[in-house]
Every structure is written in C-alpha cells, then in structure tokens.
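A closer look at the structure
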Amino acid sequence: MGFKLYEDIISKRMKTARFKHSKNVAKEAVRLALKYGADAEKAELAGILHDATKETDAEEQMELIRKAGIELSELERESPKLWHAISGSAYVQVVLGIEDKEVIDAIRYHTTGRAGMTLLDKVIFVADFTSADRDYDGVDKMRKIADKNLDDAVMEGMSFTIAELAGRKVTIAPDTFAGYNEMAALRAKNKNK
Ligand code: DGI
Ligand code: FE
Ligand code: FE
C-alpha cells in the first residue's frame, strides 16, 4: 500500500484539524529525516499514521492493543493520554498490515519517547512538537533547536513534557524518564570532553 492510500484511510478516522496535524507532522518528519539522515519514506509514513487512533473510542483501542499482543503496564492502563500511541502502533500492524518495526516503534513511542530511541523515533517525536500547526509558548525556540541538533530537540521536548506533567502532579511514564535520563547522561558526557 502506498502513502496516498494510508492518508485516505486515516482521514476517515479523525476530524479535519487532526488530519491536518497528521499531514503537517508527515511533512516536518520528511524535512527532519532529510536533514539528519533518516529514511524519508518511513518518516512520512510514521508521521501521517502517528495519531491514527487518537479519536478512536477506548474499547476499540483496547481491542487493537489486545490483538497486537501488547501488555499494558498498570501506569499505562491508568493513563488515557498514552493509549493512542500504543493503540496506534497496534492499528498499523493489525489493520494496515505494516510490518516495519522502525515505523511501528516510532508510532508507539511518539508521546513518551524511550531509552535507546532510533533516529526515526527522534524524527517523529520532534516533528510532533515542530509541525506547522503547533502554536505553544516556546515553539519558536523548539524549531530553532530542531534545526541545529536533533538530540537537543528531543531533550527539549522531554524536559518540556516532564515539567508540564510534574506541574500538574500527574503520573509520568517510565519510558519518558528513561529517555530523559539517557539524553541527560549523553549531554553530561559531551560536556566533559
Ligand atoms: O497526540 P498529540 O496531541 O499530537 O501529542 P502527544 O502524542 O505528544 O500527546 C501529548 C499529550 O500526552 C499531552 O497531554 C501530554 C501527554 N503525555 C506525554 N507524555 C506523558 C503524557 N501523559 C502522561 N500521563 N505520561 C507521560 O509520560
Ligand atoms: Fe499523539
Ligand atoms: Fe501528534
């Protein structure tokens, strides 16, 4: 199946605004992929599909997760905001028949990040923060960092998310902390060189 067909399929699963966001993330992901040497075709595909199940009801998401054989941790079960990334990765496998692990994982970890992020994981994680439709305080700074250094942009995104979640005193996924700690350790090492 080609990109256009996937685009058509997901356009029917979401409202116009989210479809536009998905197209913008795909476009930004291609730009970042070309800049940082990731596979642009995979970036475009993961970008258009990353929020595929964000407007899907909870029962259907749980069914997709079950069919894909994914076990949720207790924290994941109690965090509805995390479901769409997990069920999205299940959807592209179970319904669309996508077998590319890199694409599946980039969708799975687009909200939390993780330790050992692949180049494609990073491209999608950052593109979700810097896509053309994004308009939050600090988006200009984020775009500037993304144009200079992809790892720095991942770190900026993770620290932004952790600070925001901690500010609301809600749970923070272990994958988020694991990604953050790995990036922080890398920065410390690079500074000491
Ligand atoms: O789907 P999008 O809106 O494009 O963006 P996203 O997939 O990054 O989702 C952002 C939301 O997810 C935002 O409300 C913060 C929340 N989030 C991100 N990381 C975590 C999280 N929520 C919890 N509970 N734990 C996390 O680690
Ligand atoms: Fe998302
Ligand atoms: Fe998104």
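Note: the structure precedes this text.
Here we summarise the structure given alongside this text. Since we're looking at a predicted model, the values are computed, not measured. (Residues numbered from 1 in each chain as written. Chains lettered and ligands numbered in written order. Predicted model: local features only at pLDDT ≥ 70, side-chain atom pairs only at ≥ 80, totals over all residues. Heavy atoms only, no water.)

Re the packing of helix α8 (residues 119-130) against helix α10 (residues 150-168)
Two packed helices can be described by the angle between their axes and the distance between those axes. This is how the line gets drawn: Axis definition: a line fit to C-alpha positions, over the contact stretch in the case of helices; interaxial angles, taken between N-to-C directions, run 0 to 180 degrees. The helix count covers DSSP runs of H or I at least four residues long, the strand count covers runs of E at least two residues long, and both are numbered beginning at the N terminus. Any angle from 65 to 115 degrees is called roughly perpendicular, while one under 35 is roughly parallel, one over 145 is roughly antiparallel, and all others are oblique. In this scheme the handedness of a crossing depends on how the near helix is turned from the far one: anticlockwise by less than a right angle means left-handed, clockwise means right-handed. Only heavy atoms enter the contact rule, under which two residues are in contact if any of them lie within 4.5 Å. Residues are grouped as follows: nonpolar covers Ala, Val, Leu, Ile, Met, Phe, Trp, Tyr, Cys and Pro; charged covers Asp, Glu, Lys and Arg; every other residue, Gly included, is treated as polar.
As a packed pair, α8 and α10 sit with axes 9 Å apart at the nearest point and diverge in direction by 55°. Classified by the angle between their axes, α8 and α10 sit oblique to one another. Classified by chirality, the crossing of α10 by α8 is left-handed. In this structure, α8 uses Leu119, Lys122, Val123, Phe125, Val126 and Phe129 to contact α10, whose residues at the interface are Leu150, Asp151, Ala153, Val154, Gly157, Met158, Phe160 and Thr161. Of the residues belonging to the contact of α8 with α10, the class tally is ten nonpolar, two polar and two charged.

Re the pattern of salt bridges
Between side chains of opposite charge, a pair can form when the charged atoms approach closely. For the record, the criterion: Between Lys or Arg on one side and Asp or Glu on the other, a salt bridge is scored when a side-chain nitrogen of the former is within 4 Å of a carboxyl oxygen of the latter. Exposure is judged per residue with a 1.4 Å probe applied to protein chains only, and the accessible area is read against the type maximum: over 50% gives exposed, under 20% gives buried, and values in between give partly exposed.
Inspection of the entire model under this criterion finds 17 salt bridges. A salt bridge links Lys141 to Glu156; the shortest N-O distance between them is 3.3 Å. With a gap of 15 residues between them, Lys141 in helix α9 (residues 139-148) and Glu156 in helix α10 connect regions that are remote in the sequence. Of the charged contacts in the structure, one is a salt bridge between Arg187 and Asp152, with a shortest N-O distance of 3.2 Å. In this pair, Arg187 sits in helix α11 (residues 174-191) while Asp152 sits in helix α10, placing the two residues 35 residues apart along the sequence. The class for Arg187 is partly exposed, based on a relative accessible area of 38%. Each member of the salt-bridge network shares a partner with another, and the members are Lys101, Asp105, Arg114 and Asp121.

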